[in-house]
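Residue-level structural notes
Below are the chains, spelled out letter by letter.
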Amino acid sequence: MGARLTRYRPAGTFLDPRVRMAVHDGLQEETGDRTKLDAVLIVFVLIILLMRVYLAFVREVNWDEFLNLSMVYDFRRGDMHQAFQTIFVHGFGWLSFVSSNEVDQIVAARLVMLACGGATAFFLFAIARKYVPFQAALFAVICYLSFSFVLTQANSFRTDQIALFCVMMALWIQQCWSRSWVAVILVGVLIGLAGMVTIKSIFHMPMIGLLWLITCWRAEDRIRAFAQAAASVLVALATLACLFALHYASLAEPESGFAFLQRTTGKTMGEGNLHHLSDYFVPALPTNIVFWVLLFVGVVWSMQRLFSDDCGHRIKALALLAFSAPLATLLLYSEAFPYFYPFLLAPVAILCGAGMTHPILSHAGGRAVIASVLFFLFSVHVSSALAHRNNYQRQLISVIHEIFPKPTPYIDRSSMVSTYPKKGFFMSRWGMAIYYEAGKPIMADIMRQDQPKFLVANREMLYLDDYDVSEAGPQHANLFKQDMEVLRDNFVHHWGALYVLGKALKTGPHSEERAFEIYSDGPYTLEGAGQLMIDGALYTAGDVVKLTRGGHRYEGRDGEQQFILRWGEHLYRPSDPAPDQPVFRGF
């Protein structure tokens, strides 16, 4: 009872002055090391962003990027009929003023994606700062930005980056702003816009819903908090409905939105096709080992803190675990290709920051080692990314535009000459599955009705010179035999991956008349050696023959010979050979 109360002093104040000074100096040194590491990490982030700018200009264009650019022109021509996931076309009409070359237009669009990516990185940092210290938040940003698939795919001209920007901004407002009604409305508008940009935005909704529930649970006025959450949902649905109605009204003969949803969800969800895990996820484990280890540590550390005596720690741990919810998508979504990872991992990376708060990673020296490993892996990823450049793609498209200066129908995998009308279907894995389900050849009808003048061999099955009849059909992931034969019989190789409309004619050892069919009216240049009788008229190699659609007959004059009837009048062909490489080299 009579004990004397003494004022609390930090433990260090009971030490010998010399020991206390040593502790003080050690703390100063540790603080100084952390400050230096902060500066290094900030420079690291800037280096990554600058490298992404460079990659936006030189990185090979993916087939999906050409497809998205073609949608901009389909909308301008009035040929767009799909309302879902195409609203972005309203914001990219200006690309036609950038250049006549599709690669340059996509580079310009990539810069917009890069701006969205930079904003996403800021939102990621700001949200992470709510849960972890400054330096750990920087690590979260670096883990995300230096991830191999993020570095190579996040710049791509795809709708994912626009939707991710909306989702991350909504998260930032939800997590970091005051609980005002303005914030509630903004969150709803952003979520509705994200859903209109891409249906994949729904994969982030469980995470956002969990965070709303946590917010409502810890709120002093729970009724108001639940009302605000419900209001955000209603605003999101209203925004989605309004944007869909406006966009739908802008299309010529739009197809049913329900038909699109039924078709897409059936092909991408619930099929149990997890090939992407072995093809992309598993290889990404060792090449991004720091990301996955820190993520694992962050998840385990957060789960341990769920059992803390401190209620605040438990709530924070629960919120951090909510950021892992999007990972479940990898077990449900069959289209989780590399380009999906930048969209998926942005909020998940917050847990990498949480992993950096584990006591075993608290020392500045250990963190410096982690930063060094991240920089090494980043360098490896950059080297790999720079191996695939867009020079050949740009050159090929320039050649096509010089040969065909006006919009001309053509066939290819993915609308590579996006400013021109492509005929046929998008030859993706999904598109091929629909083609196989239909079960009937289509190329003969396309040749007759649409009269394409050239073909771009930007998928292996379109290499007509290497066609093998034994490898046709779905069992070899090729077109049906009849379609392959129609293409091979009506296109001739011109330069690189470019084939043009034409016929290869072979004469026999004896003078005999043979038949052939032409699908498109116009001039055809005769190539070969010697003379050839066509429809009763004699032509010499180099002559231009005017032919109409339908059947024709030819007869050789000098025994066995090879002739080519190439559409056009002596079409331009570069003097230099094309690079010996495919148009697309994967992701």
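Here, every reference points to the structure presented above.
Below is a summary of the structure that appears in this document. (Residues numbered from 1 in each chain as written. Predicted model: local features only at pLDDT ≥ 70, side-chain atom pairs only at ≥ 80, totals over all residues. Heavy atoms only, no water.)

1. Here's the deal with the overall build of the protein
Here is the rule: Every helix listed is a DSSP run of H or I at least four residues long, and every strand listed is a run of E at least two residues long, numbered separately from the N terminus. Exposure is judged per residue with a 1.4 Å probe applied to protein chains only, and the accessible area is read against the type maximum: over 50% gives exposed, under 20% gives buried, and values in between give partly exposed. With residues, only the protein chains shown are counted as cover, and all accessible areas are computed by Shrake-Rupley using a 1.4 Å probe. Counted as positive: Lys and Arg. Counted as negative: Asp and Glu, with His and the chain ends omitted from the count. To locate a charge, the coordinates of NZ of Lys, CZ of Arg, CG of Asp or CD of Glu are taken.
On a plain count of helices and strands, the protein comes out with 20 helices and 11 strands. Projected onto its principal axes, the C-alpha coordinates of the protein cover approximately 130 × 55 × 45 Å. Sorting the 587 residues of the protein into buried and exposed places 51% on the buried side. Of the roughly 26,600 Å² of accessible surface on the protein, 62% is carried by carbon and sulfur atoms. With 49 positive and 49 negative side-chain charges, the protein shows a spacing of 12 Å between the two charge centroids.

2. Section: the packing of helix 8 (residues 205-218) against helix 13 (residues 311-322)
Selection rule: In this description, a line fitted to the C-alpha atoms serves as the axis of each element, helices being fitted only across the stretch in contact, and the angle between N-to-C directions of two axes falls anywhere from 0 to 180 degrees. Each angle receives one of four descriptions, namely roughly parallel if under 35 degrees, roughly antiparallel if over 145, roughly perpendicular if within 65 to 115, and oblique otherwise. In a left-handed crossing the near helix is turned counterclockwise from the far helix by less than a right angle, and in a right-handed crossing that turn is clockwise. By the convention used here, residues are in contact when the closest approach between their heavy atoms is within 4.5 Å. Three categories are distinguished: nonpolar for Ala, Val, Leu, Ile, Met, Phe, Trp, Tyr, Cys and Pro, charged for Asp, Glu, Lys and Arg, and polar for the others, with Gly belonging to the last.
It is at 9 Å that the axes of helix 8 and helix 13 come closest, and there the two elements cross at 165 degrees. The angle between helix 8 and helix 13 places the two elements in the roughly antiparallel class. At the point where helix 8 passes helix 13, the crossing takes the left-handed sense. Residue-level contacts link M207, L210, L211, I214, W217 and R218 of helix 8 to I315, L318, A319 and A322 of helix 13. Of the residues that constitute the contact of helix 8 with helix 13, the class distribution is 9 nonpolar, no polar and 1 charged.

3. Considerations on the pairing of strand 8 (residues 537-540)
As a reminder of what qualifies: Being paired, for any two strands, means DSSP has found at least two bridges between them.
Where strand 7 (residues 531-534) meets strand 8, 4 bridges bridge the pair, whose relative direction is antiparallel. Its bridge partner being in strand 8, L532 is matched across the sheet by Y539. Adjacent in sequence and paired antiparallel, strand 7 and strand 8 are bridged by 2 residues, among which D535 carries a positive phi angle near 50 degrees.

4. As for the nonpolar core
The following threshold applies: Here, the term nonpolar core denotes a set of buried Ala, Val, Leu, Ile, Met, Phe, Trp, Tyr and Cys residues that are joined through side-chain atoms within 4.5 Å.
The biggest cluster of nonpolar side chains holds 182 residues, and the ones touching the most others in it are L396, F454 and L479. The dominant element in this core, judged by the number of residues it contributes, is helix 3 (residues 102-131), at 14 residues. Not counting chain neighbours up to four residues away, the residues in contact with L479 comprise F425, M432, Y435, M443, M461, L462, A472, G473, M484 and L487.

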